Amino acid sequence: MEKLFVFSRIVLFLGILTGTKGASAAWLRAHATFYGGSDASGTMGGACGYGNLYSDGYGVKTAALSTALFNNGNACGGCYQILCDATQVSQWCLKGTSITITATNFCPPNYALPSDNGGWCNPPRPHFDMSQPAFESIAKYKAGIVPIFYRQVGCKRSGGLRFTINGRDYFELVLISNVGGAGEISKVWIKGSKDKKWEAMTMNWGSNWQSLKYLNGQTLSFRVQTSDRKTRTALNVAPSGWKFGQTFTTNVQF
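Residues numbered from 1 in each chain as written. Predicted model: local features only at pLDDT ≥ 70, side-chain atom pairs only at ≥ 80, totals over all residues. Heavy atoms only, no water.

### Let's talk about the state of the cysteines
So the rule is basically this: A pair of cysteine sulfur atoms is labelled a disulfide when the two atoms are within 2.5 Å. Working definition: helices are DSSP H or I runs of at least four residues, strands are E runs of at least two. Numbering for both runs from the N terminus.
Summed over all chains, the structure comprises 4 disulfides. Here Cys48 pairs with Cys76 through a disulfide, and the sulfurs are 2.0 Å apart. Given an S-S torsion of about -85°, the disulfide between Cys48 and Cys76 has left-handed geometry. Of this pair, Cys48 sits in the loop between strand S1 (28-35) and strand S2 (62-65) while Cys76 sits in the loop between helix H2 (67-70) and strand S3 (79-84); the two residues are 28 residues apart in sequence, bridging distant segments of the chain.

Structure (structure tokens):
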């Protein structure tokens with residue numbers, strides 16, 4: 001009877017969340033663990049290429065995704081709403097809570113361990129290795145691992161798109177961060193002030209996109225398309241005197 005009551009409350013809560021503006025994907029099941037320490041310092045960097053997750057706009061509400069979800073880095077920047085499944089582990093869930101996280105890292109498989117006992121991120125399991133603060137907002141620390149409901153949702157960001165230009169001459173490696181809307185980047189174009197046409201960039205790794213043109217001394221503009229095919233154009237992002245290693249913030253957002 002108690003389990004039925006808990007299940008009814010979960011269904012009701014999921015129904016309320018489904019009515020939230022901007023949330024449209026179906027609820028799916030997975031599991032979640034945590035890493036990175038109580039201050040999430042161990043989550044900085046990672047397979048998406050973000051450096052300081054605070055300055056890149058993500059904070060501690062982040063997670064590393066298993067192979068089944070990471071999609072070779074195409075999932076970087078995407079947002080997921082997560083709810084602890086109290087129908088299975090009511091003693092560990094913080095009831096009535098959910099959190100929206102950003103995919104910022106990859107949780108690699110561990111084939112030395114079985115998928116249901118330590119190899120949590122082994123294919124084909126969908127799994128979220130959350131930052132510890134994010135995990136503790138939906139479940140108790142001592143749980144270690146909990147079953148969850150999750151779904152992909154839109155990302156809400158503060159401020160505009162950010163472009164960090166790394167690399168060297170004839171190799172501009174641009175990290176694009178703080179992307180709202182779908183969050184996941186599908187295509188990027190770049191245009192120097194001496195060019196008439198936009199040049200398609202190619203994904204290098206994570207949220208890093210590359211160009212092989214010589215663009216030194218030119219004002220740089222960018223065009224970004226997200227996985228829902230929406231496109232934004234940020235003109236004159238970097239002035240002609242830009243240097244490798246610099247980050248430029250825009251007023252453009254999805």
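### A few points about the environment of Val174
We count it as follows: It only takes one pair of heavy atoms within 4.5 Å for two residues to be counted as in contact.
Structurally, Val174 is set in strand S8 (residues 171-177). Put simply, Val174 and Asn52 are 122 residues apart on the chain and 15 Å apart in space, counted from C-alpha to C-alpha. If we ignore the near neighbours within four places in the chain, the residues touching Val174 are Phe163, Thr164, Ile165, Met201, Ser207, Asn208, Trp209 and Phe222.

### Considering the sheet that holds strand S10 (residues 199-200)
Test applied: Pairs of strands are assigned from DSSP output, requiring at least two bridges between the strands.
Strand order in the open sheet formed by 4 strands is S10-S9-S13-S14, and the pairing between neighbours is antiparallel. Where the open sheet ends on each side, the last strands, each with one partner, are S10 and strand S14 (231-238). Strand direction decides the pairing type here: strand S9 (residues 185-192) and S10, joined by 2 bridges, are antiparallel. What sits directly across from Ile190, in S10, is Glu199.

### Remarks on the packing of aromatic side chains
For the record, the criterion: Within 6.5 Å between ring centres, the rings of Phe, Tyr and Trp (the latter by its six-membered ring) count as paired, and their orientation is classed by plane angle as stacked under 30 degrees, edge-to-face over 60, tilted in between. Throughout this description, the term charge over a ring refers to an Arg CZ or Lys NZ atom that lies within 6 Å of the ring centre and within 35 degrees of the ring normal.
With the rule as written, the count across this model stands at 10 aromatic pairs. Above the face of the Trp198 ring, Lys191 is positioned so that its terminal group lies 5.6 Å from the ring centre.

### Comments concerning the pairing of S3
What counts, and what does not: We call a residue buried when its accessible area falls under 20% of the maximum for its residue type, exposed when it is over 50%, and partly exposed in between, using a 1.4 Å probe and counting protein chains only.
With 6 of 6 residues buried, S3 lies mostly within the body of the structure. By the alternation rule, side chains of S3 split into Cys79, Gln81 and Leu83 and Tyr80, Ile82 and Cys84, which are all buried. Inspection of the sheet shows S3 paired to strand S4 (residues 99-106) by 4 bridges, in the antiparallel sense. From the neighbouring strand, Tyr80 faces S4, where its bridge partner is Ile101. Note that S3 and strand S6 (residues 146-153) share 6 bridges and pair antiparallel. Across the sheet, Tyr80 pairs through a bridge with Gln152, a residue of S6.

### Concerning the sheet that holds S6
The strands making up a sheet associate through hydrogen bonds between their backbones, and the pairing can be parallel or antiparallel. Our working definition: To obtain an axis, a line is fitted to C-alpha atoms, over the contacting stretch when the element is a helix, and the angle between two such axes runs from 0 to 180 degrees between their N-to-C directions.
Within the closed barrel, the 6 strands sit side by side as S1-S5-S2-S4-S3-S6. Their pairing is mixed. Taking each pair of neighbouring strands and ignoring which way they run, the sheet shows an average axis angle of 45°. Two strands pair when backbone bridges link them, and S1 and strand S5 (residues 127-131) are joined in this way by 5 bridges, in the parallel orientation. Looking at the pairing, His31 lines up with His127 of S5.

Nothing here speaks to function; it is geometry throughout.
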